[in-house]
Amino acid sequence: MKFETQAIHAGQDPDPLTGAVVPPIYQTSTYKQDGVGGTRGGYEYSRSGNPTRKALEECLAALENGAAAFAFASGMAAEDCLLRTLCRPGDHVLIPADAYGGTFRLFDKVLSRWGVSYETVRQDDLQAVDRAAANRKPKLIWAETPTNPLLSIIDIRALGEVAHGHGALLVTDNTFASPYLQRPLDLGADVVVHSTTKYIGGHSDVVGGALIVKDAAHTADLAFNQNATGGVAGPFDAWLTLRGVKTLAVRMDRHCANAARVAEMLTGHPAVSEVFYPGLSGHPGHELAKAQMRDFGGMVSFRVAAGERAAAEVCGRTRVFILGESLGGVESLIEQPARMTHASASGSPLEVPADLIRLSVGIEDASDLLDDLRQALG
Ligand SMILES: *Cc1c(COP(=O)(O)O)cnc(C)c1O
């Protein structure tokens, strides 16, 4: 089945009891056993397993073309579980020099205390990655593409070859692209990470995360740790995420079309000094993005020529774009990463320009979005 069909049907057969077309919200913590040990379908406690969560996990595994998926209460819970499953004290990890601030914070402030070290490497420089991997024999390479918030494009296939050449795993955070635009496991990644809070949920009404593995090798360990550490997605959150993912393809098409119009308008605007959007032919990752993605995504970043204060003022003047963190919902959002989403990376190699604005371009009418940005830029 094709992507659009899987998004609606994978893991979501009509309920065998009633024929309900939508998987029910199994809002239960526990399950009646038919005699001690006599579980129905293996369900004994909802941290260990829940049918609504299972429906979401099967759907996400299908969409990323993986062997199995695991749904969590947030993207960070998914990342933490993955890293504590794959890494041991003494292990080293290569992370991108341009990554989600929370991911950086997890390595820098939490996992480093548990003996997992990290170093940042520019992943658009494959020789630098290769040198760092040869030096330190990392357990895994963490990649994000397009990157947040600078929208660089990383060559997943080439990075996978480098990682595997040094006995490391490649983990790819696919939150920005979504599986509709890019499937890292098909390109050589071993594990995909999602904040399903973003495009997969798509409506800014639920926080969630997921891991999808390429082959069965890590499935048992991840399932064990998902239950042992307990950061699972609740049934209602799983249901909301499933409801969102059904329309992922149509939403992404509109996100991409609107973002392309916004990027084009900003490129010609006198108040803007630089635009970051992989769909622009001048973007250094444009050709690579064309090859590895179906389209260029809904995120656009730009720098305000008049500086940091002016950028904050632009963020305060939009009327359709809502000033707020997060991304990937149907509504357009605007934010200043240096003071908001990426404040935790201040003073680190991941620090972002202070005059940068990041847009999550929603699926509203494109001309309303363009008018709003023009009035805010003055
Ligand atoms: C939001 C985000 C995360 C973290 O996910 P949460 O659901 O907020 O915990 C991780 N990676 C990227 C790229 C994100 O945008």
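All of these numbers come straight from a predicted model, not from anything done at the bench. (Residues numbered from 1 in each chain as written. Predicted model: local features only at pLDDT ≥ 70, side-chain atom pairs only at ≥ 80, totals over all residues. Heavy atoms only, no water.)

A. Main features of the site of the ligand. Around the ligand, 15 residues are found, and the nearest of them are G75, D173, S195, T197 and K198. One of the backbone N or O atoms of M76 is found 2.9 Å from an oxygen atom in the ligand. With respect to the ligand, the side chain of S195 contributes an N or O atom lying 2.8 Å from an oxygen atom. Its free accessible area being 380 Å², the ligand has 92% of it covered by the protein chains. In terms of residue count, helix α3 (residues 75-86) provides more of the shell around the ligand than any other element does, three residues in total. (Near = heavy atom within 4 Å. Polar contact = N/O pair within 3.5 Å; in protein donor to acceptor, adjacent residues only side chain to side chain. Areas by Shrake-Rupley, 256 points an atom, 1.4 Å probe, with all protein chains shown as cover. Helix = DSSP H or I, 4+ residues; strand = E, 2+ residues; numbered from the N terminus.)

B. Structural detail: the state of the cysteines. All chains considered together, the criterion is met by zero disulfides. Cysteine C59 is unpaired, with the sulfur of C256 as its nearest cysteine sulfur at 19 Å. C59 gets classed as buried once you look at its relative accessible area, which sits at 0%. (Disulfide = S-S within 2.5 Å. Buried < 20%, exposed > 50% of the residue type's maximum accessible area, 1.4 Å probe, protein only.)

C. Highlighting the sheet that holds strand β2 (residues 92-96). Taken together, the seven strands give an open sheet; going across it, the order is β1-β7-β6-β5-β4-β2-β3, and neighbouring strands pair in mixed fashion. Edge strands, defined here as strands with exactly one partner in the open sheet, are β1 (68-72) and β3 (117-121). This sheet shows a mean twist of 20 degrees between the axes of neighbouring strands, independent of strand direction. As defined by bridge partners, β2 adjoins strand β4 (residues 140-144) across two bridges and the pair is classed as parallel. Residue pairing in the sheet places L94 in a bridge with I141 of β4. Its contacts with the sheet put helix α9 (residues 219-229) on β1 and β7 (209-213), and the angle it makes with β1 is roughly 15 degrees. (Pairing = 2+ DSSP bridges. Axes fitted to C-alpha atoms, helices over the stretch in contact; angles between N-to-C directions. Contact = heavy atoms within 4.5 Å.)

D. Fine view of the nonpolar core. Counting residues in each nonpolar core, the largest one holds 81 residues, and the members touching the most others are L170, L266, V275, V300, F302, I357 and L359. If you tally residues by element for this core, the top one is helix α11 (residues 248-267), at nine residues. Two domains each put at least three residues into this core: domain 1 (3-245) and domain 2 (248-377). Among the nonpolar cores identified, the runner-up in size contains 28 residues, and F70, L83, L86 and W142 belong to it. (Core = buried A, V, L, I, M, F, W, Y, C linked by side-chain atoms within 4.5 Å. Domains from an automatic or database assignment.)

E. Representation of the pattern of salt bridges in the model. Tallied over the entire structure, the rule returns 14 salt bridges. A salt bridge links K109 to D108, with the nearest nitrogen and oxygen atoms 2.9 Å apart. A relative accessible area of 23% means that D108 is categorised as partly exposed. Note that R303 is salt-bridged to E274, the shortest N-O span being 3.8 Å. Taken together, the residues span a long stretch of sequence, with R303 in strand β9 (residues 299-304) and E274 in strand β8 (residues 272-276) at a distance of 29 residues. Looking at E274, the relative accessible area reads 38%, which means it is partly exposed. Look at the salt bridges and you will find they share partners, linking K32, D34 and R40 into a network. (Salt bridge = Lys/Arg side-chain N within 4 Å of Asp/Glu carboxyl O.)

F. Summary view of the sheet that holds strand β12 (residues 356-360). The strand order β8-β9-β12-β11-β10 describes an open sheet built from five strands, whose pairing is mixed. Either end of the sheet is taken by a strand with one partner, and the two such strands are β8 and β10 (322-323). As paired strands, β10 and strand β11 (residues 333-335) are joined by two bridges and run parallel to one another. Opposite I322, over in β11, you have L333 as the bridge partner.

G. Representation of the pairing of β2 within the structure. Most of β2 sits out of view: five of its five residues are buried. Residue alternation in β2 divides its side chains into two sets, H92, L94 and P96 and V93 and I95, and both sets are buried. Of the pairings in the sheet, the one linking β2 to β3 comprises five bridges and is parallel in character. Residue pairing in the sheet places V93 in a bridge with Y118 of β3. Chirality of the crossover, the property in question, places the unit of β2, helix α4 (residues 101-110) and β3 among those that are right-handed. (Right-handed = clockwise from strand over helix to strand, strands pointing away.)

H. Spatial organisation of the packing of aromatic side chains. A full pass over the atoms with the stated rule returns six aromatic pairs. Relative to Y43, the ring of Y31 lies with its centre 5.4 Å away and its plane at 35 degrees, an arrangement referred to as tilted. Placement of the pair is Y31 in the loop between α1 (3-9) and α2 (51-63) and Y43 in the loop between α1 and α2, with a sequence separation of 12 residues. Here Y43 falls in the buried class, since its relative accessible area comes to 17%. A centroid spacing of 6.0 Å and a plane angle of 15 degrees characterise the contact between F236 and W239, whose relative ring orientation is stacked. With F236 and W239 both in helix α10 (residues 235-245) and three residues apart, this pair spans about one turn of that helix. Connected via pairs of aromatic rings, a cluster forms that spans F104, F107, Y118 and W142. (Phe/Tyr/Trp six-rings, centres within 6.5 Å; stacked < 30°, edge-to-face > 60°.)

I. Just the domain arrangement of the chain, in detail. Partitioning the chain into domains gives domain 1 (3-245) and domain 2 (248-377). The C-alpha-based centres of domain 1 and domain 2 are spaced at 25 Å. If you look at the interface, domain 1 gives 40 residues, while domain 2 gives 41 residues. Taken over both partners, the interface formed by domain 1 and domain 2 buries close to 3300 Å², and the fraction arising from carbon and sulfur atoms is 65%. Together, Y180, L181 and Y199 form the three largest contributors to the area buried by domain 1 at its contact with domain 2, with a combined 24%. Here domain 1 and domain 2 share zero salt bridges between them. Joining domain 1 to domain 2, the criterion identifies 15 residue pairs in polar contact (both at pLDDT 80 or more). Elements with a minimum of two residues in the side of domain 1 that touches domain 2: α1, α4, α7 (178-181) and α10. In terms of residue count, the dominant contributor to the side of domain 1 that touches domain 2 is α7 (four residues). Here the residues of the side of domain 1 that touches domain 2 are counted per class, giving 22 nonpolar, 13 polar and five charged. (Buried area = accessible area lost by both parts, 1.4 Å probe. Nonpolar A, V, L, I, M, F, W, Y, C, P; charged D, E, K, R; others polar.)

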